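As a plain string of letters, each chain reads:
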Amino acid sequence: MTFSASTNSPANLPLAAPGQTNRLFWRWWRKQSPSQQDRYATLGPLVSVLLFLAAIIAAFWYLRNEELEREQESVKRDTEVVQQQIRLRLIENQEQLLRLGREISVKAVTPEQFMRQAGDFVRARPEVISVSWVQADESVKAARTTLSLPLDPGQAMDMDPLGGHTEPYDPLHISKEPQSAFRLARERNQPIYSKPYANQMGGKVIQVHIPLIDRSGFIGTLVTEYSLDSLLRYLVPREVSGRHAMGLIQADGDILTSTVGGDGSAVKPTFVYDVIVTPVGNGLMLRGMGFRTSSNLIGNTLFWMVVALSALTVWTLMGTLRHMRRRSQIQKTLVQETNFRRAMENSMLTGMRTIDLEGRITYVNPAFCAMTGFSEEELIGCVPPYPYWPKDRLDEFNRMFQQELLGRSPMGGIEVVMQRRDGSQFDARMYVSPLIDAQGDQTGWMTSVTNITEAKRVRDQLTAAHERFTTVLEGLDAAVSVVSVQRGELLFANRSYRLWFGANPDAHSQLTGGEITPDEVLDGDESVDHFGGLPTQALTNAGSDTREIFMDSVQKWFDVRARYVQWTDGHLAQMLIATDITVRKQAEEAAARQAEKSQFTSRLITMGEMASTVAHELNQPLAAISNYCSGLISRVQNGNIDNEQLVGALEKTSRQAQRAGQIIHRIRQFVKRSEPQRQPAKVRDITDAVLELAVFEMKRRRVTLNSMVANRLPTIMADPILIEQVLLNLLKNAAEAIDSAQMPQSRRIIDLRVQQRKTEELGQVIEFTVTDGGPGMKEEMLSRLFEAFHSTKAEGLGIGLSLCRSIIESHHGRIKAENIYNEAMVAGCRFTFTLPVDSGADTDFSDTVTPPSNDLLADNP
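As the structure is a computational prediction, the values presented were derived from the model and not from experiment. (Residues numbered from 1 in each chain as written. Predicted model: local features only at pLDDT ≥ 70, side-chain atom pairs only at ≥ 80, totals over all residues. Heavy atoms only, no water.)

**Quick look at the overall build of the protein**
What counts, and what does not: To qualify as a helix, a DSSP run of H or I must reach at least 4 residues; to qualify as a strand, a run of E must reach at least 2; elements of each kind are numbered from the N terminus. Per-residue accessibility, obtained with a 1.4 Å probe over protein chains only, is compared with the maximum for each type, and a residue is labelled buried under 20%, exposed over 50%, and partly exposed between these values. Contacts are residue-level and defined by heavy atoms, with any inter-residue pair within 4.5 Å sufficient. Per-residue accessibility takes into account occlusion by the displayed protein chains alone, with areas from the Shrake-Rupley method and a 1.4 Å probe.
Counting its regular elements, the protein contains 21 helices and 33 strands. Residues counted as buried form 37% of the 861 residues belonging to the protein. Summarising the internal contacts of the protein: among those between residues at least 6 apart in sequence, 58% fall at separations of at least 24. Accessible area of the protein: about 49900 Å², with a carbon and sulfur share of 54%.

Shown next as structure tokens:
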């Protein structure tokens, strides 16, 4: 049947307004004949079915294409997720290796410690096969693999899966790729990933080379070997691998490994998406693959119509079900979001309050309720004045509230005092911001309230502490100043500093001696961190030692202590504390003068006590001279002397005069007043001078003095007269003790020994030992022996041994006394004092050992 267009068709109906369409259609329909109405009635469902079928087919193909696009997008998304997982894991491992490399470079890690840390690293990362410490000459110093134990560099062995040793483990010479990566790491001084290659077990692997650099330069690399198969096995999430296949490929498309097993080329994927694996690079790419799960269905039009019509109802029901599920999910998500926001608000310590544009409270969180003590029901709907406003500050809060409604609240917040339900008050800070709805209209104000009572209390305490600290500094008698090292600017000066020096930073430099200047501390770009202005090395100790400085400008002595501190702005500064010690210095000078007088007095007392002995010794040569002169006069008068006899008698007279002169010279040198002078002194000269003076006392008291001075003794830095005074005093005291106790002749012996020895406290010293055979001393007297004005003699003044100790300690030496025991009986007493050896002094090769002598009792001719 053929239909031709006519004026009776609906398409030829005249145009009308939308409201007239139905009336025109029914008017046209009533004008048609019954046959035409039947024809149109038959054609209508057919057209409807054809249109419905066409719509179903179009919808099918549209849905199929949309599904393919979603699948492609899913493959892309999963591939990027896996790429991110691998990238983050490699970067995390690289950071761990960099830290280990830095510890190796600064020699903070031994090979044994490396093996332990590498073992922990490998055990925690299944994708890592080995971690090796390779030196600059490409030799392995230490290695740790998943199949080996920590071994020494020469014994590093890789092990087969059965646990047996195969060959020495060498991560570089397996293939050319590791060697190329090692050279690039050496050249670029940065982590380098090798190209993929097959290891000794046939697995596909890559290596990362972390360069090890110390001050001398490149010292090797830290080589870590990754298994590509393990990277996919452990780093691809299970839900991703369940949806799509993942594989690692090279730039030319060769598949290295895949999650589907084999090389992944057995089944051609429908969807493919490639991304570069970072930070590896070197052509290693990650490929995501998707496969179609359904086959093409081929059928005729009736099949498609039946399927479409059959699936229509199911699709409608499924669509309704999906809609209900989606609505349920959305509702559930909304409830979760609401609960999350509520939990977050409930867990906050900051109080939240919402008011509308009229000032009515519409919302408060639990923190606000806990802060004020009012319940949510009591606060919701309240209008000013609010119950938490203090009654005595209503006007103040009304003004702030009006400013809040006008949007004029400061951005930094407002500090207010709020009142709890129980009447107590607390300090708070309020921040106000406008509340905007989804349409962008303001519906009210959101206020956050923070309790700052404790913070304000701490701040007040810090302020008070700062004031107390400043008060203390200002009240110190010492001058305290801080100067910027970079700018030389005076950053702080207390009252004493300003009183003595004003605000002049030059006085600070003079007090520190001017040792450290900004140019010296900050010399060179490499020694300074320009961000903080601090030296990158440890702060110097220069100027940190105590020093004493005399300032001409104020005519005062100062004890100066300085150190470097980090100032409040983060920059380096020097702090100085200068204490006025003028009175102390004057007292020390007076004490030194008094000590000098005491030393001189002690020498006079010593010589006074020995005066009778010295007079006796001088009487012998003077008597001999008188006899020689009388004899010569008598023989000359008688004329019975020749020239030879005359010369002989005159020579004897001259020797006796020289002997008397030497005795007088030695006494004069000992007792004359002079300033203490430390100078290089020979031990031999000191002992000889003392023996010449002591021999008179020994003879008078019938005591044998034995002396032994070691040979090749070094010179000492000392005042010879003071050391002679100490040694002579000890010898004289020993002789007096023996004579006073009326010891038998067998014990009337004094031994003087001088030798060099080493002590833990002073190092190399010269040790003087005076040992006598006297009665010794009581133990209770030994502890007070060197105290001033304490004497063991009835007529003693108690200044001799005290002065000896002062002299020895002023020479940085030590002195002690002890009894000598023969079993339980005291056999004598020993005094020992030591003097430190001058490290730069020469050895006195002229000294020889003086053997014990018993002829000191004999009279001189």
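Anyway, onward from the coordinates.
**Examining the sheet that holds strand S9 (residues 245-249)**
Defined as follows: Strands were regarded as paired on the criterion that DSSP finds at least two bridges between them. Lines fitted to the C-alpha atoms define the axes, with helices restricted to the stretch that makes contact. Angles between their N-to-C directions range from 0 to 180 degrees.
On the basis of which strands lie adjacent, the open sheet formed by 4 strands has the order S10-S9-S12-S11 and antiparallel pairing. Every other strand in the sheet has two partners, leaving strand S10 (255-258) and strand S11 (271-276) as the edge strands with one partner each. Going across the sheet, the axis of each strand differs from the next one's by a mean of 25 degrees, ignoring polarity. Pairing geometry for S9 and strand S12 (residues 285-290), over 5 bridges, is antiparallel. Among the inter-strand pairings, Gly 247 is bridged to a residue of S12, identified as Arg 287.

**A closer look at the sheet that holds strand S30 (residues 763-772)**
Pairing between the strands of a sheet is mediated by backbone hydrogen bonds and can be parallel or antiparallel. Ordered in space as S26-S29-S30-S32-S31, the 5 strands form an open sheet in which the pairing is mixed. Of all strands in the sheet, those bounded by a partner on one side alone are strand S26 (704-709) and strand S31 (814-822). Shown here is a sheet whose adjacent strand axes are inclined to one another by a mean of 20 degrees, direction ignored. Bridge count for strand S29 (residues 749-759) against S30 is 10 bridges, and the pairing is antiparallel. Looking at the pairing, Asp 751 lines up with Thr 771 of S30. Running at roughly 25 degrees to S30, helix H19 (residues 720-740) makes contact with S26, S29, S30 and strand S32 (825-836) of the sheet.

**Concerning the confidence of the model for the protein**
Condition: One confidence number per residue, pLDDT, is output by the predictor and ranges from 0 to 100.
Considering every residue of the protein, the mean pLDDT works out to 77; 74% of them sit at 70 or more. Scored below 50 in pLDDT, residues 149-166 makes 37 contacts in the model with residues more than four places away or belonging to other chains. Segment residues 294-300: pLDDT under 50, and 3 contacts once partners within four positions in sequence are set aside and those in other chains are kept.

**Concerning the pattern of salt bridges**
Heads up, the condition is: For this document, the term salt bridge refers to a Lys or Arg side-chain nitrogen within 4 Å of an Asp or Glu carboxyl oxygen.
Applying the stated criterion across every chain yields a total of 29 salt bridges. Note that Arg 89 is salt-bridged to Glu 127, the shortest N-O span being 3.1 Å. In this pair, Arg 89 sits in helix H2 (residues 34-105) while Glu 127 sits in the loop between helix H3 (111-123) and strand S1 (128-135), placing the two residues 38 residues apart along the sequence. Classification of Glu 127 by relative accessible area gives buried; the value is 0%.

**Things to note about empty space enclosed by the protein**
Empty space among the atoms becomes visible once a probe the size of a water molecule is rolled across them. Rules: Points on a 1 Å grid over protein atoms alone make up a cavity when a 1.4 Å probe fits among them but cannot get out, and a pocket when they form an open set with protein on both sides within 12 Å along at least five of seven lines; lining residues each have an atom within 4 Å of a point. Grid points are joined across faces, edges and corners, and a volume is the space filled by probe spheres set on the points. Here the nonpolar group is Ala, Val, Leu, Ile, Met, Phe, Trp, Tyr, Cys and Pro; Asp, Glu, Lys and Arg are the charged ones; every other residue, Gly included, is treated as polar.
Inspection of the entire model under this criterion finds 3 cavities of 30 Å³ or more. Of the volumes computed, that of the largest cavity is approximately 110 Å³. As for the largest cavity, its lining consists of 13 residues, of which Phe 397, Met 400, Phe 401, Glu 404 and Met 430 are closest to the centre. Elements that contribute at least two residues to the lining of the largest cavity include exactly helix H10 (394-405), strand S15 (414-419) and strand S16 (425-436). Top contributing element to the lining of the largest cavity by residue count: H10, with 4 residues. Tallied by class, the residues present in the lining of the largest cavity amount to 10 nonpolar, 1 polar and 2 charged.

**Re the packing of aromatic side chains**
This is how the line gets drawn: Aromatic contacts are taken between Phe, Tyr and Trp rings whose centres are within 6.5 Å, Trp giving its six-membered ring; a plane angle under 30 degrees counts as stacked, one over 60 as edge-to-face, and the others as tilted. By the criterion adopted, a ring carries a charge over it if an Arg CZ or a Lys NZ lies within 6 Å of its centre and within 35 degrees of its normal.
Counting across every chain of the model gives 14 aromatic pairs. Relative to Phe 397, the ring of Trp 389 has its centre 5.4 Å away and its plane inclined at 35 degrees; by these criteria the two rings are tilted. Judged by its relative accessible area of 3%, Trp 389 is buried. One aromatic cluster is present, built from ring pairs that chain together Phe 368, Tyr 386, Tyr 388, Trp 389, Phe 397 and Phe 401. The ring of Trp 557 has Lys 585 lying over it, and the distance from NZ or CZ to the ring centre is 4.5 Å.

**Considering helix H4 (residues 176-188)**
Two residues of an α-helix separated by three or four positions point the same way, owing to the 3.6 residues in each turn. Applied cut-off: To estimate how far a helix should extend, the number of its residues minus one is multiplied by 1.5 Å.
Relative to the 18 Å expected for 13 residues at 1.5 Å per residue, H4 spans 18 Å between its end C-alpha atoms, a close match to the ideal helical length. Positive backbone phi, approximately 55 degrees, marks Asn 189, located one or two places after H4.

**As for the pairing of S26**
On any regular strand, side chains alternate: one points to one face of the sheet, the next to the other face. Judged by how many residues are buried, S26 sits mostly within the fold: 5 of 6 residues are covered. Sheet topology note: the S26/S29 ladder contains 6 bridges and is parallel. Paired with Leu 705 across the strands is Ile 750, a residue of S29.

**Observations concerning the nonpolar core**
The following threshold applies: The set of buried Ala, Val, Leu, Ile, Met, Phe, Trp, Tyr and Cys residues whose side-chain atoms join them within 4.5 Å is what this entry labels a nonpolar core.
Grouped together as the largest cluster of nonpolar side chains are 47 residues, with contacts concentrated most on Ile 750, Phe 831 and Phe 833. The leading source of residues in this core is H19, at 10 residues. Once residues within four sequence positions are removed from consideration, Phe 831 is found in contact with Leu 730, Phe 768, Thr 769, Val 770, Met 777, Leu 785, Phe 786, Leu 801, Lys 816 and Ala 817. Core analysis: the second largest hydrophobic core is formed by 37 residues, Val 208, Leu 222, Val 277 and Leu 286 among them.

**Some remarks on the environment of Leu 572**
Structurally, Leu 572 can be placed in strand S24 (residues 572-580). Judged by relative accessible area, which is 2%, Leu 572 ranks as buried. Separated by 88 residues in the primary sequence, Leu 572 and Ser 484 have C-alpha atoms spaced 6.5 Å apart.

**Observations concerning H19**
Look at H19: 30 Å from first C-alpha to last across 21 residues, which is about the 30 Å you get at 1.5 Å a residue. Within H19, 18 of the 21 residues are buried, leaving the element largely enclosed by the surrounding structure. Gln 742 occupies a position one or two residues after H19 and carries a positive phi of about 50 degrees.

**Notes on the packing of helix H18 (residues 683-700) against H19**
Selection rule: Roughly parallel covers angles under 35 degrees, roughly antiparallel covers those over 145, roughly perpendicular covers 65 to 115, and oblique covers all other angles. In this scheme, a crossing is called left-handed if the near helix is turned counterclockwise away from the far one by less than a right angle; it is called right-handed if the turn is clockwise.
Between H18 and H19, whose axes approach to 9 Å, the crossing angle comes to 30 degrees. The pairing of H18 with H19 is recorded here as roughly parallel in orientation. Judged by the sense of rotation from one axis to the other, the crossing of H18 with H19 is right-handed. Across from Ile 686, Thr 687, Ala 689, Val 690, Leu 693, Ala 694, Glu 697 and Met 698 in H18, the residues of H19 making contact are Pro 720, Ile 723, Glu 724, Leu 727, Leu 728, Leu 731, Lys 732 and Ala 735.

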